[in-house]
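So the chains spell out like this:
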Amino acid sequence: MTRYLIQRIVGMIAVMFTVVTIVFVIVRVAPGDPAAVMLGPDATPADIAALRERLGLDRPLVVQYVYFLGQLLRGDLGQSIFLNMPVLSALAERAEPTFFLTVFSIFIASAVALPVGILAAYRRGSLFDQLATTLAMLAASIPSFWLGLILIQVFAVRLGWFPVSGYGGPGAPFLVRLTHLVLPALALGIVSSALITRFTRASMLDVLNDDYVRTARSKGMGEFRVVMKHAFKNALIPVLTVIGLTMALLVSGAVVTETVFGLPGVGNLVVSAVLRRDYPVIQGALLVIAALYVLINFAIDMLYLAIDPRVRY
Amino acid sequence: MAAVSSPALAAPPKLASLIVQRKTLLIGLIVLTVIALLAILAPLIAPYSPTRLSVVNRLKPPSERWWFGTDEFGRDIFSRTIYAGRLSLLVGAVATVLAAGIGIALGLIAGFFRRADPVIARIVDAMMAFPDILLAISLVAALGPSLATVIVALGIVYAPRLARIVRASTLIIRELPYVEAARALGVATWRIMIRHILRNLVSPVLVQATFIFAYAMLAEAGLSFLGVGVSPEIPTWGTMIAAGRQYVGQADWMTLFPGIAIVLAVLSLQLLGDGLRDLLDPRLRKDL
């Protein structure tokens, strides 16, 4: 177990090191001078030279790379050019809407997908199963930003049940902020539920015909208990994996959805940074989100140990 | 002994009948063909030029004259939607071919040459840690927004998915006796890789490529919607939805129809991918 943990952590560090290198390369492959691109056509050569010096772009690539690694080890993601503040602070300031959006979306997705997936597998081949499978495929084909716009049209503009956009302004009470998250979370949750439904169904189909399920039935156990306690518990590992990965994918969905709903989250920050070529912010956001993905994967692996006694490393 | 008909000895079913037996594959194929034909034949089908401005007819709702309504410049949305399909399908297809080229090459090299494997596998793992849209917009930001950079960025973003599948299969196939025999006969390494290994990877690559086509189309629409993809003047389904965003509640048809086009195109590709997986994977064939 300890050996597995060490191996896993070393692997994680190696992947993160490669992630850092890729992020470093992405910003440096920009054609032309990144400083000139960032400052735009009106910048003077002196401004460009000053920014090059500030960002360390005037140094050899290897030196820049070592300096970049050193900065990261100190927890410094650099300084945003346009916001004039540390990237880490900019990300932290915008983390709340993205965090709650991700949590609510995964809650909605799981609340829809788990019962539907379980019931579809239990009634394999039935009308419900066919409908669930078709709707799951349809949901996976819908761009979340388009669904967001449709939800705005119906529930915000026509019915007026929810706000059209924003996050309630500075200092808004939590409940008000929550109402701003309902439609974006629905848009992301519905799209994400597709993958979880399909995995839950497939995973349940794998276990529903197993011997222990038959044994539980032959002992006279109620169907609900058989399905939930014996079958679902054993089908949980692939389902948990896909929920974890969906959580990481939601960050990607949040980039577009936050823009549709004008939520001041990390996704919105990244899009504005891309439009303004604020490379330190793009770089920092890429690093933090990739690190989250790697950590979520690690946490899922560790969760296996807690929920399945058969898993031993 | 009485003659017993064995299923193993029966003539293999023809491809057409295999396709017809699989409803998902058939529906996916039909819908995709219709969308592709509409896009290809757009100049013959479109009632108006997609760029024809008619300010007096701006924001007209769907009617007999304008089937999908008109946009803020009075342009016909039906004509724009079918023209936009050309570019959306083209971006998806070329990005998929690029992803397949890079992914297959990396996967084959990693699977075949033990020394290259750790480096390539690590890069692939790291690339897959980035959410696809985020990596794509960062690459587009670095390379400068244009149609070509969107295609290149999406090709790079989706290549690791194929590299992973090709590497895993290559690792198994390279140990099979026929590959060893080819090696013993002195067949050149590149020939073994292409003739003996790559040929056996056609099915998984084809299935995965169909899904990548669908993801790439969704991602392109997302990038165009955000304004970091192709120029807003170029009609793609993403740029059309982005333009319609300003008129939500006033001209909902501006976002509705290009959105339905994306959903249908992506859905048809997913049905096709699912159907192909059933058709090409003998383990799943028994479920029919």
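Residues numbered from 1 in each chain as written. Chains lettered and ligands numbered in written order. Predicted model: local features only at pLDDT ≥ 70, side-chain atom pairs only at ≥ 80, totals over all residues. Heavy atoms only, no water.

S.K.: Residues and numbers for the pattern of salt bridges, please.
M.R.: Following the criterion strictly, the structure yields 15 salt bridges over all chains and no others. A salt bridge links R201(A) to D129(A), with the shortest nitrogen-to-oxygen separation between them at 2.7 Å. Of the two residues, R201(A) sits in helix α9 (residues 174-208) while D129(A) sits in helix α7 (residues 127-140), which places them 72 residues apart along the sequence. Using a relative accessible area of 3% as the deciding quantity, one classes D129(A) as buried. The partner of E175(B) in a salt bridge is R114(B), and the shortest N-O contact between them spans 3.4 Å. Of this pair, E175(B) sits in the loop between α7 (147-173) and α8 (177-184) while R114(B) sits in the loop between α4 (77-112) and α5 (117-127), placing them 61 residues apart in sequence. Residue R114(B) is classed as exposed on the basis of its relative accessible area of 60%. The network of salt bridges with shared partners includes R198(A), D274(B) and R277(B). (Salt bridge = Lys/Arg side-chain N within 4 Å of Asp/Glu carboxyl O. Helix = DSSP H or I, 4+ residues; strand = E, 2+ residues; numbered from the N terminus. Buried < 20%, exposed > 50% of the residue type's maximum accessible area, 1.4 Å probe, protein only.)

S.K.: Quick one: what's the story with the nonpolar core, residue by residue and with numbers?
M.R.: Counting residues in each nonpolar core, the largest one holds 169 residues, and the members touching the most others are V19(A), M204(A), I137(B), L154(B), F225(B) and W237(B). Broken down by element, this core gets its largest block of residues, 15 residues, from helix α11 (residues 223-261) of chain A. Each residue touching V19(A), except ones within four places of it in the same chain, is listed here: L287(A), A290(A), A126(B), A129(B) and F130(B). (Core = buried A, V, L, I, M, F, W, Y, C linked by side-chain atoms within 4.5 Å. Contact = heavy atoms within 4.5 Å.)

S.K.: Tell me about the side chain of T236(B), and please be specific about residues and values.
M.R.: All names here are of chain B. Topologically, T236 is positioned in the loop between α10 (202-226) and α11 (237-244). Separated by 3.4 Å, the side chains of T236 and E220 make a polar contact. Those residues within four positions of T236 in sequence are excluded, and the remaining contacts are A84, L87, S88, E220, S224 and V230. (Polar contact = N/O pair within 3.5 Å; in protein donor to acceptor, adjacent residues only side chain to side chain.)

S.K.: Summarise the packing of α7(B) against α10(B); cite the residues concerned and give the values.
M.R.: Residue and element names in this part refer to chain B. The interhelical angle for the contact between α7 and α10, taken along N-to-C directions, is 150 degrees, at an axis separation of 10 Å. Relative to α10, the element α7 lies roughly antiparallel. Every pair of crossing elements has a handedness; the one defined by α7 and α10 is right-handed. Contacts from V150, L154, Y158, R161, L162, I165 and V166 in α7 reach P204, V205, Q208, I212, Y215, A216, A219, E220 and L223 in α10. Classifying every residue of the contact of α7 with α10 by side-chain character gives 13 nonpolar, one polar and two charged. (Axes fitted to C-alpha atoms, helices over the stretch in contact; angles between N-to-C directions. Parallel < 35°, antiparallel > 145°, perpendicular 65-115°, else oblique. Left-handed = near helix turned anticlockwise from the far one by under 90°. Nonpolar A, V, L, I, M, F, W, Y, C, P; charged D, E, K, R; others polar.)

S.K.: Describe the interface of chain A and chain B, naming the residues involved and giving the relevant values.
M.R.: Listed by partner, the interface residues are 45 residues for chain A and 46 residues for chain B. Counting each side, the surface lost to burial between chain A and chain B is near 3,900 Å², with a carbon and sulfur contribution of 76%. Its salt-bridge partner being R198(A), residue D274(B) comes within 2.6 Å of it at the nearest N-O pair. Counting across the interface, chain A meets chain B through eight residue pairs in polar contact (both at pLDDT 80 or more). Secondary-structure elements contributing two or more residues to the side of chain A that touches chain B are α1 (2-28), α7, α8 (144-158), α11, α12 (266-276) and α13 (279-307) of chain A. In terms of residue class, the side of chain A that touches chain B is built from 36 nonpolar, five polar and four charged. (Buried area = accessible area lost by both parts, 1.4 Å probe.)

By themselves, these figures tell us nothing about what the structure is for.
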